[in-house]
Structure formats: structure tokens, C-alpha cells
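Next come the chains, spelled out residue by residue.
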Amino acid sequence: MLRTRGAAVGRRLLRAALGLGARLGPARAASGVRGQGWLQPAGHDTGVKVYNSLTRRKEPLIVGSVDAASWYSCGPTVYDHAHLGHACSYVRFDIIRRILTRVFGCNIIMVMGITDVDDKIIHRAAEMNVSPASLANLYEEDFKQDMAALKVLPPTVYLRVTENIPQIISFIEGIIANGHAYPTAQGNVYFDLQSRGDKYGKLVSVVPGPVGEPVDSDKRHASDFALWKVAKPQEVFWASPWGKGRPGWHIECSTISSLVFGSQLDIHSGGVDLAFPHHENEIAQCEAFHQCRQWGNYFLHSGHLHVKGEEKMSKSLKNYITIKDFLKMFSPDVFRLFCMRSSYRSAIDYSDGTMLEAKHLLLAAAAFVEDAQAYMKGQLVCGPIRDDVLWERLRHTKQAVKAALADDFDTPAAMDAVMDLIHHGNRQLKAHAKEPGGPRSPAVFGSIVSYVEQFFETVGISLAVRQSVSGDDSRATLHSVVEQLVQFRLQVRQFALASGAATREARRQQLLDTQPLLEACDALRRDLVAHGISIKDRSSTSTWELLIRGQKTPNRRADGPQHRPVLT
């Protein structure tokens, strides 16, 4: 979930994981041959060949069901604003998701995990003198707004770590019961890597050794990793069979994915820096818990966004640009086109020059559509149109684009084909007319315009609206304030409704004493309706949503499922 390893290991693993030809230096070799034990799944052949990090080659993408292809995406650790490096990965996979859905007819069920408890969250919250939950809530909403501004489709469902702690504990207990993890006297739980045997290292040819292990570690082996971490003083914690603590990073994604998809997953995606150890450890945990030979069928990894040549954009290097700042300079459509000009697996160089190139390409495509439409209306006069040539060019372009997208989502080749079609169309539109009123061929241009607009719409680009979108921090602040208010009101209601008195008369007196609190809660709920906020009280919790302007509030309790709002 948006993490990075040290540069010493990360750069060596990056090119190998993406199949870009790098050799890894000396370290512990992964047992077995990478990809040799991969099982081609049964199901629906999408017609796409995709580069699978498990095998380091292109494989036919076969999903369990065309109506419900399962996809798990690592989400953010919400302790700060997302930057353009994060955006690049999410936009690239959003493009792939749209292509699978709209070109190859797959209905994608996507789950994204939100890490809302973590060392970075705890430390940042302490610096800001706020609770970790409040900080995580603020930046989670900020992340969602950034994704919406970039036109990234939301997942089918977001799942937060803190809302699934009992399930995570059960998942850890299952791994222990299956002999692949062990608790310690200190209250930690570790995955026993030696129990994994030659199955560890599916995503990397070489497994880097542990670095910087404390001398007082309670692990059996230095490479074992934490499933449950004992709480430090003043840290947030949950009760567990092993004492007070919180989940390790890797176990969160394994549990969340398994809650929805069980023991089989079609697609898993994330940045290449997550391949090891995060995704490798997810595989180990899931296959240990489900006792299956192959949990995830396809692992897709996106390359880094680079600045200054070889330098990865990251917070640690202080060379990042926030999404909000970027969108003050360029539109989300320009950024999306910029991402399409390279393979999703490759590193991509960010600069003002590369962004301007993408902007000019988008303007050229929009200008062609405008000219072609003017020609169709009779407002643009040009020489005789070779419509037979254009019809053939259109047919060829459709075939080339479909073939490119089926070849590991080759968006650069698809873009080249579309821009070549635009180039040929422009050449004919700009031919000088010798005589006005000659023969016209509006139909072929209508078909070309329709196809070009459809292509850009498929990948989430609008040719009609290209203005920049500015970020608005006030929405994230509003969401956080309302969330805190609703949670405080819930605590007051629970206190007022608690029946701790022993006798009937004592309970009656307690209800009389707490009645003003309940009335105040009800008054607050009614008053907030006037401001477009509807609170719904359920048996043990309260939810809230924004009302559509002009919509009347029903005078009955809601029967629908619990949900949290997304401000729009």
C-alpha cells in the first residue's frame, strides 16, 4: 500500500520484476525456477495477453468469470497528501481497468484496501496532536478527492484495516493453526518463512536478506515478518489472543482480499516497489491460510514516475508534486494522455516538456475533431476527399488498436495508430479546393470522429473539456469535521442508552436522568438535515450521508446497508 523499500534493494528489483532485463546481484536465490510452478487458470479467456510478474512473461489473461473478474488493488497509507508518483500508478491501472471493461467485455469487481493504522500515521498524528483515526480519516477523504479529480474510477468497495481487525485476528489464527506462524512471549506474531520452504520468492529471482534486524528481536529467524505487532506505550491498540497490539502491514491486504474473493484471485496490482516484500508476503500468507497452491493468478506492477532522469518521485527525496498542485497547471486529461505514452510497466520521466508534449497531442486530436465536424456541417471547404483511402485507414486503425490493447495493454502503440489516423484525416481536410461546391464525403469523417472520440472516452479522456481542476481542501476538512461530530454524538447516545442500573426503579431513574442527552442528540440530527446532512442511527452505530439539494428527507428510519459518504 503505497510503500517504498530502500533504494539499494528497490532499484535492483524494479527492472527484474518488470521484465526489463536487469540482473540482480548476489543474495539468497529463491528456491525453484520462477514461473515454473504457475498454473494457468481455467475460466474465461479475455483475449488479452498480459505480462505476469509471477512468470516474467506474457500469459493469456484468463479470469474466473467474465461477469465478475476479481481484482485487488493495494490502496494508500493515509498519513499525508498523495503525490504524482502515486497518481501515475492509479491512473495507469484505471486505464487498464477501463480497457478490460469496455474493449474486452469484462465486468471487474475491484477491492481496494485502505491502511488507516500504521507507524507513519501514528507518528504524524503525534506531531499534529490529533488522534490517528482523525488524521487517517482526513487523508483518506483527501485521497478519494484526488482520485476523482484525476477521473480514476472508484473501486467496487473500499475496505479499511481498522474496520476489519477481528477478521485479521482470525486470519492470523488460521495461519498459526496451519503451522506457518508463531506467537512470541512478547506478544508479537511472526510468519515462519522456513515453513514456506521452496515456495517463497515467486515474484523475485533473488530474495534479499534481512537488513538492520535489532539484536533483541524475538523472531525465530531473521527473515520472518510480523503478522501482529505488540503495542508500544501510548500507541493505538486492539485486544487479541496475544495481547494488545495491531496488525502487521502485509497481513492487512491478505485478509481484506480474502474476505471478498476467498482463496482465488484473478488480478493483483500495485507499484513495482510493492512486489517485494509486500506482494510476496501476501502470497505466502494467503497460500498458507487457504492451503492452496496458487492464490493470485496474475500480478501486474507499474513502473515508477521519475524526475531528473533516474530519480524516483517520492516524499523521502522531497522531489514530489502533490496532485492538487499539478492540477493547477495541467488537466487530468493531459496527465492521462501522458501516462498512455509509455508502457504501464516502464518507468516514465516527468518534466514540463513531457507534459507539454502530451498537452499538444490532446489539442491536436481535439482540433481534428473540430475541423472534421466543421467539414460535415459544410463550414470547411477542401478538395475532393479520397474516402476509399480513409475508410481503409479507419478499418486498419481499429484492427491495430484492438491488437495493441490485447498485447499487454500497449497504449503507446494504440495511441500511435489513432494519431496516424488523425494525421491522414487532417491531410485531406487541409487540401485546397480548386472549385467550390465539389463532391463531399461527410460520412467517412463522421465515422472517424465517432471512433476517435470513442477511443479517448474508453480510456477516460475527454476531448471536449480540457481545463485544469483545482484541488479543494475544504471538502476534506468538512468530511473530517462531520465524521468527528457524528462519532461524538454516537458516544453520547451509547452512554445515555446504557442500562447499568441493577433494579427496575434505578433503570427508570437513569433513563429520566439521561433523557436530555437523547433529546439533544435528536435535535442535532434534525438540525443537520437543514444543512444537507442526514444521520441514521442503527443498533450499535450511526452513519451519515449528504443529501442531494432539493431532496426531501424521509420521515422513517433507513433500511439500506451501512455506508460511508463520498463528497462530490
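What you see as residue numbers is a count from 1 along each chain, following the sequence as written. It should be noted that, the model being predicted, local features are given only for residues of pLDDT at least 70 and side-chain atom pairs only at 80 or more, the latter also being counted only at that level, while totals for whole chains, interfaces and linings use all residues. In computing side-chain values, all of the structure's heavy atoms are included and hydrogens and water are not.

1. Focus on the side chain of Thr 46
Turning to step 1, where the next piece is worked out: Note on conventions: DSSP H or I runs of at least 4 residues are helices, E runs of at least 2 residues are strands, and numbering of each starts at the N terminus. Examined against the element boundaries, Thr 46 turns out to sit in strand β2 (residues 44-52).
Turning to step 2, where the next piece is worked out: Throughout, exposure labels follow a simple rule: accessible area from a 1.4 Å probe, protein chains only, divided by the maximum for the residue type, with under 20% read as buried, over 50% as exposed, and the rest as partly exposed. Judged by relative accessible area, Thr 46 falls into the buried class, the value being 6%.
Turning to step 3, where the next piece is worked out: Within polar-contact distance, the side chain of Thr 46 engages the backbone nitrogen of Val 48 at 3.2 Å.
Turning to step 4, where the next piece is worked out: A 3.5 Å cut-off defines polar contacts: any pair of N or O atoms within that distance qualifies, except that in protein one atom must be a possible hydrogen donor and the other a possible acceptor, and neighbouring residues in sequence count only when both atoms are side-chain atoms. Side-chain polar atoms of Thr 46 contact the backbone oxygen of Leu 61, separated by 2.8 Å.
Turning to step 5, where the next piece is worked out: Note on contacts: a residue pair qualifies if any of its non-hydrogen atoms lie within 4.5 Å across the two residues. For Thr 46, the residues in contact, after removing those within four places along its chain, are Leu 61, Val 63, Phe 104 and Cys 106.

2. Concerning the nonpolar core
Turning to step 1, where the next piece is worked out: In terms of nonpolar packing, the biggest core is built from 126 residues, with Leu 100, Phe 335 and Phe 456 touching the most fellow members.
Turning to step 2, where the next piece is worked out: Boundaries between domains were set according to an automatic or database domain assignment. Taken domain by domain, the makeup of this core includes at least three residues from each of domain 1 (44-207 + 217-341) and domain 2 (351-459).
Turning to step 3, where the next piece is worked out: Definition of nonpolar core: a set of buried residues of the types Ala, Val, Leu, Ile, Met, Phe, Trp, Tyr and Cys, connected through side-chain atoms within 4.5 Å. Listed in part, the eight residues of the second largest apolar core include Ile 114, Ile 121, Leu 135 and Ala 136.

3. Focus on helix α6 (residues 249-261)
Turning to step 1, where the next piece is worked out: Here the expected length of a helix is defined as 1.5 Å per residue gap, with one fewer gap than residues. Compared with an ideal rise of 1.5 Å per residue, which puts 13 residues at 18 Å, α6 spans 19 Å between its outermost C-alpha atoms and is within 8% of the ideal.
Turning to step 2, where the next piece is worked out: Burial within α6 is extensive, with 11 of its 13 residues counted as buried.
Turning to step 3, where the next piece is worked out: For α6, the full list of buried residues reads Trp 249, His 250, Ile 251, Glu 252, Cys 253, Ser 254, Thr 255, Ile 256, Ser 257, Ser 258 and Phe 261.

4. Here's the deal with the packing of helix α12 (residues 411-429) against helix α13 (residues 442-458)
Each pair of packed helices gets described by two things: the angle between the helix axes and the distance between those axes.
Turning to step 1, where the next piece is worked out: All axes are obtained by fitting lines to C-alpha atoms, using only the stretch in contact for helices, and the reported angles, taken between N-to-C directions, cover 0 to 180 degrees. One way to put it is that α12 packs onto α13 with a least axis distance of 11 Å and a crossing angle of 150°. The orientation of α12 relative to α13 falls into the category roughly antiparallel. Classified by chirality, the crossing of α13 by α12 is left-handed. Only Phe 445, Ile 448, Tyr 451, Val 452, Phe 455 and Phe 456 of α13 make contact with α12, whose side of the interface consists of Ala 414, Met 415, Val 418, Leu 421, Ile 422, Gly 425, Gln 428 and Leu 429.
Turning to step 2, where the next piece is worked out: Looking at side-chain class alone, the contact of α12 with α13 contains 12 nonpolar, two polar and no charged residues. An angle counts as roughly parallel when it lies under 35 degrees, as roughly antiparallel when it exceeds 145, as roughly perpendicular when it falls between 65 and 115, and as oblique in every other case. By definition, any crossing whose near helix is turned counterclockwise from its far helix by less than a right angle is left-handed, and any crossing with a clockwise turn is right-handed. For this scheme, ten residues count as nonpolar: Ala, Val, Leu, Ile, Met, Phe, Trp, Tyr, Cys and Pro. Four count as charged, namely Asp, Glu, Lys and Arg, and the remainder, Gly too, count as polar.

5. Side note on the sheet that holds strand β6 (residues 157-160)
Turning to step 1, where the next piece is worked out: Across the sheet, which stays open at both edges, the five strands sit in the order β6-β5-β4-β12-β13 with parallel pairing between neighbours. Edge strands, defined here as strands with exactly one partner in the open sheet, are β6 and β13 (296-302). Geometrically, the sheet is characterised by an average inter-axis angle of 25° between neighbouring strands, direction not taken into account.
Turning to step 2, where the next piece is worked out: One requirement defines pairing of two strands: DSSP has to find at least two bridges between them. Summarising the sheet, strand β4 (residues 69-77) and strand β12 (residues 265-271) pair through three bridges and their orientation is parallel. Paired with Tyr 72 across the bridge in β12 is His 268.

6. Quick look at the side chain of Ser 257
Turning to step 1, where the next piece is worked out: Among the structural elements, Ser 257 can be located in helix α6.
Turning to step 2, where the next piece is worked out: The contacts of Ser 257, once residues within four sequence positions are left out, are Tyr 72, Gly 262, Leu 265 and Trp 295.

7. What to know about the sheet that holds strand β14 (residues 305-307)
Pairing between the strands of a sheet comes from backbone hydrogen bonds, and it takes one of two forms, parallel or antiparallel.
Turning to step 1, where the next piece is worked out: Read across the open sheet, the three strands follow the order β15-β14-β16; overall the sheet is mixed. Looking at strand neighbours, the two that pair on one side only are β15 (311-312) and β16 (348-349), the edges of this open sheet.

8. Some thoughts on the environment of Leu 61
Turning to step 1, where the next piece is worked out: Within the secondary structure, Leu 61 sits in strand β3 (residues 57-63).
Turning to step 2, where the next piece is worked out: Among residues more than four places away in sequence, those in contact with Leu 61 are His 44, Asp 45, Thr 46, Val 48, Val 50, Leu 100, Ile 267, Tyr 298 and Phe 409.

9. Points about the pattern of salt bridges
Turning to step 1, where the next piece is worked out: Salt bridge, as used here, is a side-chain nitrogen of Lys or Arg placed within 4 Å of a carboxyl oxygen of Asp or Glu. Taken as a whole and assessed by the stated rule, the structure comprises 28 salt bridges.
Turning to step 2, where the next piece is worked out: For Asp 94, the salt bridge is made with Arg 336, and the minimal N-O distance between the two is 2.6 Å. Separated by 242 residues along the polypeptide, Asp 94 in helix α2 (residues 84-102) and Arg 336 in helix α9 (residues 332-340) bring together distant segments of the chain. The pair formed by Asp 94 and Arg 336 is uniform in burial state, with each residue classed as buried.
Turning to step 3, where the next piece is worked out: Arg 508 is the salt-bridge partner of Glu 505, the closest N and O atoms lying 2.9 Å from each other. In this pair, Glu 505 and Arg 508 are both assigned in helix α15 (residues 504-529), three residues apart and thus about one turn of the helix distant.
Turning to step 4, where the next piece is worked out: Residue classification places Glu 505 among the partly exposed positions, given a relative accessible area of 48%.
Turning to step 5, where the next piece is worked out: Residue classification places Arg 508 among the partly exposed positions, given a relative accessible area of 45%.
Turning to step 6, where the next piece is worked out: Members of the salt-bridge network, linked through shared partners, are Arg 489, Arg 493, Asp 522, Arg 525 and Asp 537.

10. Some words on the packing of helix α10 (residues 352-376) against α13
Turning to step 1, where the next piece is worked out: Interhelical geometry of α10 versus α13 gives an angle of 150° and a closest axis separation of 9 Å. Overall, the two elements α10 and α13 adopt an arrangement that is roughly antiparallel. For the pair α10 and α13, the sense of crossing is left-handed. Of α13, the residues touching α10 (which contributes Ala 365, Phe 368, Val 369, Ala 372, Gln 373, Tyr 375 and Met 376) are Pro 442, Phe 445, Gly 446, Ile 448, Val 449, Val 452, Glu 453 and Phe 456.
Turning to step 2, where the next piece is worked out: Partitioning the contact of α10 with α13 into residue classes produces 12 nonpolar, two polar and one charged.

11. Quick notes on the confidence of the model for the protein
Turning to step 1, where the next piece is worked out: Residues at a pLDDT of 70 or more form 84% of the protein, whose mean pLDDT is 86.
Turning to step 2, where the next piece is worked out: For residues 1-29, every residue scores under 50 in pLDDT, and the model assigns this stretch 75 contacts once sequence neighbours within four places are set aside.
Turning to step 3, where the next piece is worked out: Low confidence marks residues 465-472, where pLDDT is under 50. Its contacts with residues over four positions away, or in another chain, come to 22 contacts. Residue-level confidence of the predictor is summarised by pLDDT, bounded by 0 at the bottom and 100 at the top.

12. Focus on the pairing of strand β17 (residues 533-537)
Turning to step 1, where the next piece is worked out: When you tally the buried positions in β17, you get four out of five residues, the bulk of the element.
Turning to step 2, where the next piece is worked out: Across five bridges, the pairing between β17 and strand β18 (residues 542-546) is antiparallel. Residue pairing in the sheet places Ile 533 in a bridge with Leu 546 of β18.

13. Describing the packing of aromatic side chains
Turning to step 1, where the next piece is worked out: Aromatic contacts are taken between Phe, Tyr and Trp rings whose centres are within 6.5 Å, Trp giving its six-membered ring; a plane angle under 30 degrees counts as stacked, one over 60 as edge-to-face, and the others as tilted. If you walk through the whole model with that rule in mind, you get 18 aromatic pairs.
Turning to step 2, where the next piece is worked out: For the pair Tyr 200 and Phe 276, a centre-to-centre distance of 6.2 Å together with 65° between the ring planes defines the contact as edge-to-face. Here the residue Tyr 200 occupies a position in the loop between β8 (189-191) and β9 (206-207), and Phe 276 occupies one in helix α7 (residues 275-290), the gap between them amounting to 76 residues.
Turning to step 3, where the next piece is worked out: Three or more aromatic residues joined by ring pairs make a cluster, and in this case those are Phe 326, Phe 330, Phe 335, Phe 338 and Tyr 350.
Turning to step 4, where the next piece is worked out: Criterion for a charge above a ring: Arg CZ or Lys NZ at most 6 Å from the ring centre, at most 35 degrees from the ring normal. A cation over a ring is seen here: Arg 220 above Tyr 182, with NZ or CZ 4.1 Å from the ring centre.
Turning to step 5, where the next piece is worked out: Across the ring face of Tyr 375, the terminal group of Arg 440 is positioned such that the distance to the ring centre comes to 4.4 Å.

14. Thoughts on α12
Turning to step 1, where the next piece is worked out: The first and last C-alpha atoms of α12 sit 27 Å apart over 19 residues, in line with the 27 Å expected at 1.5 Å per residue.
Turning to step 2, where the next piece is worked out: Most of α12 sits out of view: 14 of its 19 residues are buried.
Turning to step 3, where the next piece is worked out: N-capping of α12 is provided by Asp 410, with a side-chain oxygen placed 3.2 Å from the backbone N of Ala 413.

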